[in-house]
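Spelled out, the chains give:
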Amino acid sequence: MLLQGKTVLITGAAHGIGRATAIACAKQGADVAINYLNEPEAAAAVVAEIEALGKRAIAVKGDVADAASAPAFVEAAVKAFGKIDVFVSNAGICPFHAFLDMPAEILERTMRVNLHGAYYMVQAAAKRMQQQGSGGAIVAISSISALVGGEMQTHYTPTKAGVHSLMQSCAIALGRYGIRCNSVLPGTIATDINKEDLADPAKKKYMEGRIPLGRLGEPDDVAGCVVFLASDLARYVTGSSLLVDGGMFVNLQ
Ligand SMILES: NC(=O)C1=CN([C@@H]2O[C@H](COP(=O)(O)OP(=O)(O)OC[C@H]3O[C@@H](n4cnc5c(N)ncnc54)[C@H](OP(=O)(O)O)[C@@H]3O)[C@@H](O)[C@H]2O)C=CC1
Ligand SMILES: C[C@H](O)[C@@H]1OC(=O)[C@H](O)[C@@H]1O
């Protein structure tokens, strides 16, 4: 078991990559606290699935864009489990929209959720890890979009580049406390975030055709990589990033 006895916190874990990561961590022996925003039933289902694996779990409601939600999430996890060892910043949104008429509300909400939210959450988790004095691991879900653009993602790709950069700077700021910080850069993973976009068969086929491994990713493809970076197998890895894209990034021609 790679995470036996560890406490893992994950934002936005009622669905998709966060959900798969929460369950993968529990399968590796961790107790898990999940943050969710909108769907208590979905969050409760994740908790039940983790408990069925014999591990402890709690679900804490909160909007990551609200700075106050970060210390509240960390405190709730510490109250339940006594400590935190691993923090996964996952919550994110990608409302596809063209650049020239991008509404300010969409731009600002995307920035606040994806970048400010990651900042507040990582900062609150790091403070607690520093107080505990026994190190820790932070993994942020960035994206292949940190490295490449998207016509309908001009508001989104800078947030993912920002999250990647946040992990690099935090690796320096927190290395002295034994806290490792890394990012995971998924390619195209079939989840609710892109359900509408990929409902167009031509778009789906185009995306699949760009992936050397020949298929879209699944949330579990990403979860395993997060577990690795969170575990002691990655004990000398910090400030690093792991592309999980089936080879899409390198596929020029
Ligand atoms: N799917 C993909 O192709 C890729 C995804 N990513 C990133 O992976 C992460 C997870 O996305 P994915 O699993 O695909 O998408 P999903 O839409 O399935 O999951 C996103 C989760 O984030 C939660 N969330 C959204 N806004 C907030 C908020 N303000 N506060 C708390 N939670 C929030 C949602 O909660 P609720 O359901 O309660 O609204 C949801 O559970 C995102 O950061 C995304 O950018 C990166 C690269 C590729
Ligand atoms: C939501 C998109 O399908 C997905 O999000 C990302 O971060 C990837 O780059 C894909 O574009």
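Residues numbered from 1 in each chain as written. Chains lettered and ligands numbered in written order. Predicted model: local features only at pLDDT ≥ 70, side-chain atom pairs only at ≥ 80, totals over all residues. Heavy atoms only, no water.

- The chain is annotated in an unreviewed UniProt entry as L-rhamnose 1-dehydrogenase (NAD(P)(+)) of Stenotrophobium rhamnosiphilum.
- Looking at the Pathway (unreviewed entry) heading of the UniProt record, one finds this comment for the chain: "Carbohydrate degradation; L-rhamnose degradation."
- UniProt lists a comment for the chain under the heading Sequence similarities (unreviewed entry), and it reads "Belongs to the short-chain dehydrogenases/reductases (SDR) family." (UniProt positions renumbered as here; feature names shortened; annotations may be inferred.)

As for the site of ligand 1
For step 1, the next point in the chain: The full set close to ligand 1 counts 31 residues, and Asn 38, Asp 63, Asn 90, Tyr 156 and Thr 191 are the nearest of them.
For step 2, the next point in the chain: Backbone polar atom of Gly 187 to an oxygen atom of ligand 1: 3.4 Å apart, as the coordinates give it.
For step 3, the next point in the chain: Computed on the free molecule, ligand 1 has an accessible area of 890 Å², of which 93% lies beneath the protein chains in the complex.
For step 4, the next point in the chain: For the shell around ligand 1, the secondary structure elements donating two or more residues are helix H1 (16–27) and helix H4 (104–132). (Near = heavy atom within 4 Å. Polar contact = N/O pair within 3.5 Å; in protein donor to acceptor, adjacent residues only side chain to side chain. Areas by Shrake-Rupley, 256 points an atom, 1.4 Å probe, with all protein chains shown as cover. Helix = DSSP H or I, 4+ residues; strand = E, 2+ residues; numbered from the N terminus.)

Topic: the pattern of salt bridges
Pairs can form between side chains of opposite charge whenever their charged atoms are close.
For step 1, the next point in the chain: Scanning all chains against the criterion turns up eight salt bridges.
For step 2, the next point in the chain: Two residues, Arg 56 and Asp 31, come together in a salt bridge whose shortest N-O distance is 3.0 Å. Separated by 25 residues along the polypeptide, Arg 56 in the loop between helix H2 (40–52) and strand S3 (57–61) and Asp 31 in strand S2 (residues 31–36) bring together distant segments of the chain.
For step 3, the next point in the chain: Here Arg 56 falls in the partly exposed class, since its relative accessible area comes to 45%.
For step 4, the next point in the chain: A relative accessible area of 10% places Asp 31 in the buried class. (Salt bridge = Lys/Arg side-chain N within 4 Å of Asp/Glu carboxyl O. Buried < 20%, exposed > 50% of the residue type's maximum accessible area, 1.4 Å probe, protein only.)

A look at empty space enclosed by the protein
Taking a probe equal in size to a water molecule and rolling it over the atoms shows the remaining empty space.
For step 1, the next point in the chain: Under the defined criterion, the tally for this structure stands at one cavity of 30 Å³ or more.
For step 2, the next point in the chain: Looking at the largest cavity, its volume works out to about 60 Å³.
For step 3, the next point in the chain: At the level of elements, H4 and helix H5 (157–174) are the ones that each hand at least two residues to the lining of the largest cavity.
For step 4, the next point in the chain: Ranked by residue count, the leading element in the lining of the largest cavity is H4, at five residues.
For step 5, the next point in the chain: The class makeup of the residues in the lining of the largest cavity is seven nonpolar, five polar and one charged. (1 Å grid on protein atoms, 1.4 Å probe; cavity = no way out; pocket = protein on both sides within 12 Å on 5 of 7 lines; lining within 4 Å. Points joined across faces, edges and corners; volume = space filled by probe spheres on them. Nonpolar A, V, L, I, M, F, W, Y, C, P; charged D, E, K, R; others polar.)

Section: the layout of surface pockets
For step 1, the next point in the chain: The volume enclosed by the second largest pocket comes to roughly 170 Å³.
For step 2, the next point in the chain: Together, Lys 6, Asp 85, Val 86, Ser 134, Gly 135, Gly 136, Ala 137, Gly 178, Arg 180, Ala 230, Asp 232 and Arg 235 line the second largest pocket.

Brief notes about the site of ligand 2
For step 1, the next point in the chain: Within the structure, ligand 2 sits among Cys 94, Phe 96, Ser 143, Ile 144, Ser 145, Gln 153, Tyr 156, Gly 187, Ile 193 and Asn 194.
For step 2, the next point in the chain: Within the contact set of ligand 2, an oxygen atom lies 2.5 Å away from a side-chain nitrogen or oxygen of Ser 143.
For step 3, the next point in the chain: Within the contact set of ligand 2, an oxygen atom lies 3.0 Å away from a side-chain nitrogen or oxygen of Gln 153.
For step 4, the next point in the chain: Within the complex, 88% of the 290 Å² of free accessible area of ligand 2 lies under protein.

Looking at H4
For step 1, the next point in the chain: Relative to the 42 Å expected for 29 residues at 1.5 Å per residue, H4 spans 41 Å between its end C-alpha atoms, a close match to the ideal helical length.
For step 2, the next point in the chain: Along H4, the positions that sit buried rather than exposed are Thr 110, Val 113, Asn 114, Gly 117, Ala 118, Met 121, Val 122, Ala 124, Ala 125, Ala 126 and Met 129.
For step 3, the next point in the chain: Among the structural elements, S2, helix H3 (69–81), strand S4 (86–89), strand S5 (136–141), H5 and strand S6 (179–186) are those in contact with the buried residues of H4. (Expected span 1.5 Å × (residues − 1). Contact = heavy atoms within 4.5 Å.)

Digging into a nonpolar patch on the surface
For step 1, the next point in the chain: On the surface, a cluster of nonpolar side chains totalling about 420 Å² of accessible area is made up of Leu 147, Val 148, Leu 243, Phe 249 and Val 250.
For step 2, the next point in the chain: Along the chain, Phe 249 turns up in the segment after strand S7 (241–244).
For step 3, the next point in the chain: The class for Phe 249 is partly exposed, based on a relative accessible area of 38%. (Patch = residues over 30% accessible without salt bridge, like charges linked within 9 Å, V, L, I, M, F, W, Y side chains within 5 Å.)

Considering the sheet that holds S6
For step 1, the next point in the chain: Spatially, S3-S2-S1-S4-S5-S6-S7 is the arrangement adopted by the seven strands of the open sheet, whose pairing is parallel. Strand pairing shows two members of the sheet lacking a second neighbour, S3 and S7, which therefore form its edges. Between one strand axis and the next, the sheet turns through 15° on average, direction left out of account.
For step 2, the next point in the chain: In the sheet, S4 pairs with S5 via four bridges, with the strands oriented parallel. Bridge pairing in S5 links Phe 87 to Ile 138.
For step 3, the next point in the chain: Strands S4, S5, S6 and S7 of the sheet are contacted by helix H7 (residues 219–230), whose axis makes an angle of about 165° with S6. (Pairing = 2+ DSSP bridges. Axes fitted to C-alpha atoms, helices over the stretch in contact; angles between N-to-C directions.)

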